[in-house]
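# Descriptive structure summary
Below, each chain spelled out in residue letters.
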Amino acid sequence: MQQSNARSRLKSKSDVMDPPEVQTSPGHHRSSPSTVAKPKSKRTKSIIFVIVACVTIALGLFFVCYSILSSRRNRSVSLRYSVIIDGGSSGTRIHVFGYRIESGKPVFDFGEESYGSLKLSPGLSAYGDNPEGVSESVTELVEFAKKRVPKGKLKKSDIRLMATAGMRLLQVPAQEQILHVTRRVLRSSGFDFREEWASVISGSDEGVYAWVVANHALGSLGGEPLKTTGIVELGGASAQVTFVSSELVPSEFSRSLDYGNVSYNLYTHSFLDFGQDVAHEKLSESLHNLAANSTGEGIVPDPCTPKGYILETNLQKDLPGFLADKGKFTATLEAAGNFSECRSAAFAMLQEGKGKCTYKHCSIGSIFTPNLQGSFLATENFFHTSKFFGLGEKDWLSEMILAGNRFCGEDWSKLKLKYPTFKDENLLRYCFSSAYIISMLHDSLGVALDDER
Ligand SMILES: Nc1nc2c(ncn2[C@@H]2O[C@H](COP(=O)(O)OP(=O)(O)OP(=O)(O)O)[C@@H](O)[C@H]2O)c(=O)[nH]1
Ligand SMILES: [Ca+2]
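Quick caveat, the model's predicted, so the values are computed rather than measured.

Secondary structure summary: the chain contains 14 helices and 15 strands in total. For the chain, buried positions account for 43% of its 453 residues. Once local pairs closer than 6 in sequence are excluded, the contacts in the chain between residues at least 24 apart make up 69%. Counting only carbon and sulfur atoms, one obtains 58% of the accessible surface of the chain, whose full area is about 24300 Å².

Structure (structure tokens):
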């Protein structure tokens, strides 16, 4: 009752005086007419409060934006750049690294603004017959890098090209011609470049670099040697094994590396021709020769190609670029996908030359490898094939066997329906790859199928 009287009282005095409708719940007593004054001062107070709040928020936002922008500007001001071109057999990749020096060490972050990479196929080794052709590919990579490095920093940013197994497989004159063209492009790129910074690196350098990168990324570089992580890397034309071994390592496989005040005695070896693509081509060639020399109807089963795939007219097209042009296939193979037979054929290939082993034990061919100790990362093709089959870390090897059995035993037409987006040449690799991975890691290097490492 009181409320309504007060309201009607106010009403009678003057509409002007009407305060904004303040909804009060029943039992709330509206206070005396001074409320007329009060709502106004109250209103003023709330307006002032809102203004102060807005100004505070605006200042706060300005401060946050300023500090983000200035830290980003500082970061870009303090960023240095290095450019590396990885000349692999299956493709050439350029990596642009932005990094800062903190307490004397490079600190990389792989965020959008400070790391970028681009891969072009085919690799440098595909230009063996046409070295001049490589300039277009290298120029495109350099242009990509120049877009990522501030103009004023080009001269202070080094650019290096390191070619690996694909180039090692070429004759030296062809290698030199390709490097000559590559150096010419890099010399005029505007980056900091020296002639010797474009080269074909040795297999042991390739293995050591992979080991350093992995342990830098894992934070174990600089720590105890036996707590570092080994690397098994399955490239297109070569495979590398590098790790700290407590076994005595013959000098031809031994590399010592000092980092900070720790020195690491590494075993490292690059198995040339045992990269996945070259090994697959070698197996196909040996099956073809078997067929060509057989007295029967000359058809030999190929256990590493799923049944139903027509090899005769396709084999030439499906080899990796730098191999297909060799024109040495008159296919008389019959696709007869069978994982265990493919695995035994791959194993036989990995054991070729074992008779010439002069060490206490040889794992692949006549090459010494100590027993693998400590934990390992399996990279490149190990990763690509594992990802294709969707394998997790748990029971990785035994899961790979199951996946390989399924894939090799599947009919080609069904695989094409299951993987409609895959090109034949890419889909064809997974039967051999799964079998090759098992025959390399388990059958040859002795990694147990249930090895948790
Ligand atoms: N399945 C699959 N394989 C890939 C993919 N990308 C690259 N590869 C294969 O992975 C292997 C390559 O690893 P890379 O490091 O590119 O090998 P590479 O450096 O060209 O060869 P190397 O000169 O021996 O080091 C080659 O056999 C490629 O065919 C991919 O996306 N999927
Ligand atoms: Ca590689």
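Following the structure, the description resumes.
In this section: the nonpolar core. Taken as a class, soluble globular proteins show a tendency for nonpolar side chains to be buried jointly. Formed by 57 residues in total, the largest nonpolar core has its most connected members in Tyr267, Phe407, Phe432, Tyr436 and Met440. In this view, Met440 contacts Leu234, Ala239, Phe274, Leu350, Ile364, Phe382 and Leu445; residues no more than four positions away in its chain are not counted. Within the second largest apolar cluster, 30 residues are counted, among which are Val96, Leu120, Leu124 and Val185.

This part is about the state of the cysteines. One pass over the full model with this rule turns up three disulfides. There is a disulfide in this structure between Cys304 and Cys342, and the S-S distance comes to 2.0 Å. Because the torsion about its S-S bond is 110 degrees, the bridge between Cys304 and Cys342 counts as right-handed. You can see Cys304 sitting in the loop between β11 (300–302) and α8 (321–324) and its partner Cys342 sitting in helix α9 (residues 339–350), a full 38 residues away along the chain. In this structure Cys304 comes out as buried when scored by relative accessible area, which is 1%. Judged by relative accessible area, which is 0%, Cys342 ranks as buried. Covalently, Cys357 is tied to Cys362 through a disulfide, its sulfur atoms 1.8 Å apart. Residues Cys357 and Cys362 share a disulfide whose torsion about the S-S bond is about 80 degrees; that sign makes it right-handed. Cys362 gets classed as buried once you look at its relative accessible area, which sits at 7%. If you count the bonded cysteines of the chain from the N-terminus, they pair up as 1-2, 3-4, 5-6.

The sites that UniProt annotates as "active site" (unreviewed entry) are Glu206. Mapped onto the secondary structure, Glu206 falls in helix α6 (residues 203–218). In contact with Glu206, other than residues within four places in its own chain, are Thr164, Ala165, Arg168, Ile201, Glu233, Ser238, Gln240 and Ser270.

Those places that UniProt annotates as "binding site: ATP" (unreviewed entry) correspond, in this numbering, to Gly236, Ala237, Ser238, Ala239 and Gln240. Counting through the fold element by element, Gly236 comes out in the loop between β7 (230–234) and β8 (238–244). What makes Gly236 buried here is its relative accessible area of 12%. When sequence neighbours within four positions are dropped, the list of residues in contact with Gly236 reads Ser89, Gly275, Gln276, Asp277, Val278 and Asn381. The buried category is assigned to Ala237, whose relative accessible area is 2%. Ala237 has contacts with Ser89, Ala165, Gly166, Leu169, Phe271, Leu272, Asp273, Phe274, Gly275 and Val278, leaving out every residue within four places of it along the chain.

Where α9 contacts helix α14 (residues 429–444), the axes come no closer than 8 Å and their chain directions differ by 55 degrees. Between α9 and α14, the angle is such that the two are oblique. The interaxial crossing formed by α9 with α14 has right-handed handedness. On the side of α9, the interface is formed by Phe339, Cys342, Arg343, Ala346, Phe347, Met349 and Leu350, while α14 contributes Cys431, Phe432, Ser434, Ala435, Tyr436, Ile438, Ser439, Met440, His442, Asp443 and Ser444.

This part takes up the site of ligand 1. In the vicinity of ligand 1 lie 20 residues, with Ser90, Arg93, Ala237, Glu380 and Tyr430 positioned nearest. Here an oxygen atom of ligand 1 and a backbone polar atom of Ala165 are 3.5 Å apart. Separating an oxygen atom of ligand 1 from a backbone N or O atom of Ala237 is a distance of 2.8 Å. Elements represented by at least two residues in the shell around ligand 1 include exactly α4 (165–168), α10 (381–389) and α14.

What follows concerns α10. Side chains of residues three or four places apart in an α-helix project in the same direction, reflecting 3.6 residues per turn. Taken residue by residue, α10 has Asn381, Phe382, Thr385, Ser386, Phe388 and Phe389 as its buried positions. Within α10, the buried residues cover an arc of 160 degrees as seen down the axis, which keeps them to one side. In this structure, the buried residues of α10 make contact with β7, α7 (276–292), β15 (376–380), α11 (396–409), α13 (424–427) and α14. Positive phi appears at Gly390, one or two residues downstream of α10, with a value of about 65 degrees.

Calculation rules
- Residues numbered from 1 in each chain as written.
- Chains lettered and ligands numbered in written order.
- Predicted model: local features only at pLDDT ≥ 70, side-chain atom pairs only at ≥ 80, totals over all residues.
- Heavy atoms only, no water.
- Helix = DSSP H or I, 4+ residues; strand = E, 2+ residues; numbered from the N terminus.
- Buried < 20%, exposed > 50% of the residue type's maximum accessible area, 1.4 Å probe, protein only.
- Contact = heavy atoms within 4.5 Å.
- Areas by Shrake-Rupley, 256 points an atom, 1.4 Å probe, with all protein chains shown as cover.
- Core = buried A, V, L, I, M, F, W, Y, C linked by side-chain atoms within 4.5 Å.
- Disulfide = S-S within 2.5 Å.
- UniProt positions renumbered as here; feature names shortened; annotations may be inferred.
- Axes fitted to C-alpha atoms, helices over the stretch in contact; angles between N-to-C directions.
- Parallel < 35°, antiparallel > 145°, perpendicular 65-115°, else oblique.
- Left-handed = near helix turned anticlockwise from the far one by under 90°.
- Near = heavy atom within 4 Å.
- Polar contact = N/O pair within 3.5 Å; in protein donor to acceptor, adjacent residues only side chain to side chain.
- Arc of directions from axis to C-beta.

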